[in-house]
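# Structural features, examined
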Amino acid sequence: MSSSPSSPPKPVAPGKLTPALFQEAANLLVEVLKFSAPADAQLSAYFRHHPKIGSHDRSQIADCVYGVLRRLMALRWLMPEATPRMLLALWLMRFQGMNQRDLEPFVREKDRAALLETRARKLDDAPLEIKAELPSWIIEALRQRYDDSSILALGRSLQATAPLDLRVNTLQDNREAVLELLGKQGLVAEATPYSPWGVRLKTPLDLSRHVLFKKGVIEVQDEGSQLLALLVGARRGEMVADLCAGAGGKTLALGAAMASSGRLYAFDISEKRLARLSPRLKRSGLSNVTAQLISSENDTRIKRLAGKLDRVLIDAPCSGLGTLRRNPDLKFRQSPETLASLTQTQASLIRAGAKMLKPGGRLVYATCSLLDAENRAIVAGFLAEHPEFKLLPARDILAGQRVNLDAGEMLELSPVTHGTDGFFAAVLEKSQN
């Protein structure tokens, strides 16, 4: 999942979308709908090659592209042979409330007639996968644990835009002071309900220009992701590893929890992702982080730490289906085949992370997936092979952190119930013997 200091998309209002912007969005959709690369990467590349497009126009174009992706299955069910341009027009009509007059600047008269014909088709009559906007293979996987009404509620929650959650860097300031400052600036923000570090911003804002962001006081991080760092429970002076650090959101949270003491390793196989950690690390004021590029979980840098660490976080590569509010294209780029490959990697990572722990050490295995195959099944398989590890109830650990959330044995967050991205986490402890 990618995070950037920007506000979530807002509905496109009639009168604000120009024919030129409509055409730019339609052009982008031609490429994005090939699903050859992540949508956010394709948009970033497009805007880099078109530097004259201003920030407001970029936002309008992105809102259109992501709007179509969020409701793509319904749009194709309503109009099976639609071109990307017609899909965009249909989205504006069916899901943004544009009428025939609003659409006149964007589509030809004969195309407007075709769009109006779809009004007779009601989505109430559509199959579950269309209403839930989830491919059938995902529906079948979810049916292992959920009934159809729960799947529909989950699917609909994943069609919404995600809130903009921030994490306050406690090395720099506290949440109350941040909320007070944002309020004085006329920005609407509130404390997140679970994370003691979290702020939910309600006002659209380019955070990259905000003084608190520039000073490293705040970082973009979903509340669910913040809770993963709380489960790790990293303390001052410990040796800790973030085995799949990526751009470092959880690394920064762990480092702040450690009060910039001890040693915190940020490992990743992607040089590009680790490069994004560097400026964030500089802003944060942390001095206990060592970022290292590795070839795999079997890298000598990992093996060298065998039996030495107090805590290991494995935010494993996964299908990302819990982040569909932010990355709606993921469900079209994943498949049962990619899932099978991911579960092999996940099983290998949890074994590698376990070897790094000293007796009494804690491992947190986490994903942003909703599927048991990537979550409970991986943990169950690991525990069956490693009797020296036991599961620690997530509810007890969070209660010890004064988090008012009955998480159960394992943390399973959902946008339906918790208003966060979909996250899974299991906390495993190595015996002292």
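In case you missed it, the structure is sitting above this.
The present account deals with the structure reproduced in this document. (Residues numbered from 1 in each chain as written. Predicted model: local features only at pLDDT ≥ 70, side-chain atom pairs only at ≥ 80, totals over all residues. Heavy atoms only, no water.)

### Considering the overall build of the protein
Counting secondary structure elements, the protein contains 20 helices and 12 strands. For the protein, the C-alpha radius of gyration of 23 Å lies close to 22 Å, the compact-globule estimate for 433 residues. Taking the principal axes of its C-alpha atoms as reference, the protein extends roughly 75 × 50 × 40 Å. Across the 433 residues of the protein, 54% fall into the buried class. Of the side chains in the protein, 58 bear a positive and 47 a negative charge, and the two mean positions are spaced by 5 Å. (Helix = DSSP H or I, 4+ residues; strand = E, 2+ residues; numbered from the N terminus. Rg over C-alpha atoms; globule rule 2.2 N^0.38 Å. Buried < 20%, exposed > 50% of the residue type's maximum accessible area, 1.4 Å probe, protein only. Lys, Arg positive; Asp, Glu negative; His and termini not counted. Charge placed at Lys NZ, Arg CZ, Asp CG, Glu CD.)

### Quick word on helix H1 (residues 19-32)
Residues spaced three or four apart along an α-helix face the same direction, because each turn holds 3.6 residues. For H1, which comprises 14 residues, the first-to-last C-alpha distance of 20 Å matches the rise-based estimate of 20 Å (1.5 Å per residue) to within 8%. Packing partners of the buried residues in H1 comprise helix H2 (39-49), helix H3 (55-70) and helix H5 (84-95). (Expected span 1.5 Å × (residues − 1). Contact = heavy atoms within 4.5 Å.)

### Describing H3
In this model, H3 (16 residues) spans 22 Å end to end at C-alpha, consistent with the 22 Å of a helix rising 1.5 Å per residue. Of all the residues in H3, the buried ones are Gln-60, Ile-61, Ala-62, Asp-63, Cys-64, Val-65, Tyr-66, Gly-67, Val-68, Leu-69 and Arg-70. Where the residues of H3 are buried, they touch H1, H2, helix H4 (72-78), H5, helix H10 (148-159) and helix H17 (330-333).

### Some details on the sheet that holds strand S4 (residues 218-220)
Reading across the sheet, the 4 strands line up as S2-S3-S1-S4 and stay open at both edges, with antiparallel pairing between neighbours. Across the chains shown, the open sheet's two edge strands, defined by having one partner strand only, are strand S2 (189-191) and S4. Each strand axis lies, on average, 35° off the axis of its neighbour in the sheet, ignoring direction. Across 4 bridges, the pairing between strand S1 (residues 164-168) and strand S3 (residues 198-201) is antiparallel. (Pairing = 2+ DSSP bridges. Axes fitted to C-alpha atoms, helices over the stretch in contact; angles between N-to-C directions.)

### Some points on the environment of Ala-25
As for its placement among the helices and strands, Ala-25 is situated in helix H1. A residue is classified by how much of its surface remains accessible, and Ala-25, at 0% relative accessible area, is buried. Between the C-alpha atoms of Ala-25 and Ala-62, which are 37 residues apart in sequence, the distance is 7.4 Å. When sequence neighbours within four positions are dropped, the list of residues in contact with Ala-25 reads Ile-61, Cys-64, Val-65 and Leu-88.

### Brief notes about the nonpolar core
Val-65, Leu-88 and Leu-115 are the most contacted members of the largest nonpolar core, which totals 46 residues. Secondary-structure elements contributing two or more residues to this core are H1, H2, H3, H4 and H5. For this core, the leading source of residues is H5, giving 8 residues. Among all residues touching Leu-88, those that are not within four sequence positions of it are Phe-22, Ala-25, Ala-26, Leu-29, Cys-64 and Val-68. Of all hydrophobic cores here, the second largest spans 39 residues; its members include Leu-264, Leu-277, Leu-281 and Leu-411. (Core = buried A, V, L, I, M, F, W, Y, C linked by side-chain atoms within 4.5 Å.)

### A word on the packing of helix H18 (residues 336-355) against helix H19 (residues 376-385)
One can describe the packing of H18 onto H19 by two numbers: an axis separation of 10 Å at closest approach and a directional angle of 45°. Taken together, the axis directions place H18 and H19 in an arrangement best described as oblique. Like other packed secondary-structure pairs, H18 and H19 cross with a definite hand, here right-handed. Where H18 abuts H19, its residues Thr-343, Gln-346, Ala-347, Ile-350, Arg-351 and Ala-354 lie against Ile-378, Phe-382 and Glu-385. A per-class count over the contact of H18 with H19 returns 5 nonpolar, 2 polar and 2 charged. (Parallel < 35°, antiparallel > 145°, perpendicular 65-115°, else oblique. Left-handed = near helix turned anticlockwise from the far one by under 90°. Nonpolar A, V, L, I, M, F, W, Y, C, P; charged D, E, K, R; others polar.)

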